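Spelled out, the chains give:
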Amino acid sequence: MSDTVGYLVTVREAIAVASRKLEVAGCDTPRVDAELLLAHVLASTRSELRADGRRQLSPSELADFERMVERREAREPLAYVLGEWGFRRLVLKTDARALVPRPETEVVVERCLTLLAGRDEPRILDVGTGSGAIALALAQEKSDAHVTGLDASSDALALAKENVERTGIRIELLQRDLFSGLPDGPWDVVVSNPPYVRPDEIDALPPEVGMWEPRLAVVGEGATATVARGALQVLRSQGVLVLEVADGEAARVAGLLRELGYGEVRITRDLAGRDRVVEGVRA
Ligand SMILES: C[S@@+](CC[C@H](N)C(=O)[O-])C[C@H]1O[C@@H](n2cnc3c(N)ncnc32)[C@H](O)[C@@H]1O
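Residues numbered from 1 in each chain as written. Predicted model: local features only at pLDDT ≥ 70, side-chain atom pairs only at ≥ 80, totals over all residues. Heavy atoms only, no water.

## What about the site of the ligand?
Every one of the 19 residues lining the ligand counts as a neighbour, but Gly128, Asp151, Asp177, Leu178 and Asn193 are closest to it. In this structure, Thr129 approaches the ligand through a main-chain N or O atom, which is 3.4 Å from a nitrogen atom. The contact in question runs from an oxygen atom of the ligand to an N or O atom on the side chain of Asp151, over 2.6 Å. Broken down by class, the residue content of the shell around the ligand amounts to 10 nonpolar, six polar and three charged. (Near = heavy atom within 4 Å. Polar contact = N/O pair within 3.5 Å; in protein donor to acceptor, adjacent residues only side chain to side chain. Nonpolar A, V, L, I, M, F, W, Y, C, P; charged D, E, K, R; others polar.)

Here you go:
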């Protein structure tokens, strides 16, 4: 913010300068990002900041804000810079060890909860749990469920464990490669947001994803089909598979589930109206 030093910087000025920098850096929502970063530094909210635009920042507040803006200018995901991110009713710790939980994944949780209505003490397996977002949200919102999250990444599992401690929600965590088979059930629900970006697509991704999120979380060939096949071995009869899929892939994945013998195959749209969730019931 060197173009504003020389006198004490107000909230409004700091946001204006940071917004310009983030816009130049190519961020999609520069002003919102700047407001959220400053709100974080001041332990405030965006609306409080707007009402308090003439407040002057202390030198240490300004320095903290500038450090965060610099990280965001380098296109580090906002959730990593903030260190936490909302998912359903939770605020989870987020950093470069795992994928940032996405709004479309909240729809995956919603479908699981709908399908679990009336099932007592269901056993749920979250394949590729990452930060633990799906597993923790399901354990919170279906409080009699027994939830297990597995991941191949020890970094992701370490973050998921920190989120277990942070939220006080009990889930089991397992380190396992999904390609070596899913743990024995029987499970009432197998849910997964597997890596589904093809290696040749990585260069077209925004820097926040391609440069910062773990490659193992983003790029994966064959993971969706492997989870779909593996789930048939470990789901109980009438157990449900719920998958998040890439934009444009829902019809193909629904076809695969039918071919594998799943019934009641259904596609659900995300909040942006895109077909992103596919489910099927094991006979
Ligand atoms: C798209 S991320 C989903 C993370 C989290 N479930 C979410 O929705 O935010 C995919 C996750 O699958 C994990 N993963 C990738 N390949 C795997 C494998 N072969 N076996 C187990 N987990 C794997 C990654 O480490 C990552 O945490």
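Text resumes after the structure shown.
## Considering the pattern of salt bridges
A full pass over the atoms with the stated rule returns 29 salt bridges. Note that Lys161 is salt-bridged to Glu165, the shortest N-O span being 3.3 Å. One end of the pair, Lys161, and the other, Glu165, are both in helix α8 (residues 154–167), four residues apart, so they sit about a helical turn from each other. When the shortest N-O distance is used, the salt bridge between Arg274 and Asp270 registers 2.8 Å. For Arg274, a relative accessible area of 32% corresponds to the partly exposed category. Residue Asp270 is classed as buried on the basis of its relative accessible area of 6%. (Salt bridge = Lys/Arg side-chain N within 4 Å of Asp/Glu carboxyl O. Helix = DSSP H or I, 4+ residues; strand = E, 2+ residues; numbered from the N terminus. Buried < 20%, exposed > 50% of the residue type's maximum accessible area, 1.4 Å probe, protein only.)

## Topic: the sheet that holds strand β5 (residues 172–175)
Spatially, seven strands are ordered β5-β4-β3-β6-β7-β9-β8 in an open sheet, and the strand pairing comes out mixed. Each of the sheet's edge strands pairs with one partner strand only, and the pair in question is β5 and β8 (263–269). Recorded for the sheet is a direction-independent mean angle of 15° between the axes of neighbouring strands. Two strands pair when backbone bridges link them, and strand β4 (residues 146–151) and β5 are joined in this way by four bridges, in the parallel orientation. When the sheet's bridge partners are listed, Asp151 is paired in β5 with Gln175. Contacts from helix α7 (residues 133–141) reach β3 (123–127), β4 and β6 (187–192), with the element oriented near 160° to β3. The strands touched by helix α12 (residues 250–260) within the sheet are β7 (235–244), β8 and β9 (275–281), with β9 carrying the most contacts at an inclination of about 10°. (Pairing = 2+ DSSP bridges. Axes fitted to C-alpha atoms, helices over the stretch in contact; angles between N-to-C directions. Contact = heavy atoms within 4.5 Å.)

## As for the environment of Ala283
In this structure, Ala283 sits in the segment after β9. Overall, the relative accessible area of 66% leaves Ala283 in the exposed class. In the structure, Ala283 is positioned 20 residues away from Gly263 in sequence and 6.5 Å away in space, judged by C-alpha atoms. Once residues lying within four places of it in the same chain are set aside, the contact partners of Ala283 are Ser237 and Gln238.

## Side note on the packing of aromatic side chains
Considering all chains together, one arrives at zero aromatic pairs under this definition. The ring of Trp187 carries Arg123 above its face, with NZ or CZ at 4.4 Å from the centroid. (Phe/Tyr/Trp six-rings, centres within 6.5 Å; stacked < 30°, edge-to-face > 60°. Lys NZ or Arg CZ within 6 Å of the ring centre and 35° of its normal.)

## Remarks on the pairing of β7
With respect to burial, β7 is a largely interior element, seven of its 10 residues being buried. Of the strand pairs in this sheet, β6 and β7 are connected by five bridges, and their pairing is parallel. Within the sheet, the bridge partner assigned to Val191 lies in β7 and is Val242. For β7 and β9, the ladder comprises five bridges, and the chain directions are antiparallel. Within the sheet, the bridge partner assigned to Val240 lies in β9 and is Val281.

## A closer look at helix α6 (residues 103–116)
For α6, which comprises 14 residues, the first-to-last C-alpha distance of 21 Å matches the rise-based estimate of 20 Å (1.5 Å per residue) to within 8%. Burial in α6 covers these residues: Glu104, Thr105, Val107, Val108, Val109, Arg111, Cys112, Leu113 and Leu116. Within two residues after α6, Gly118 carries a phi angle of roughly 85°, on the positive side. (Expected span 1.5 Å × (residues − 1).)

## Regarding helix α1 (residues 11–24)
Look at α1: 20 Å from first C-alpha to last across 14 residues, which is about the 20 Å you get at 1.5 Å a residue. Inspection of α1 places Val11, Ala14, Ile15, Val17, Ala18, Ser19 and Leu22 among the buried residues, and these make up the whole buried set. Contact partners of the buried residues in α1: α2 (30–41), α3 (46–51) and α4 (59–73). Just downstream of α1, Gly26 is the residue with a positive phi angle, here 95°.

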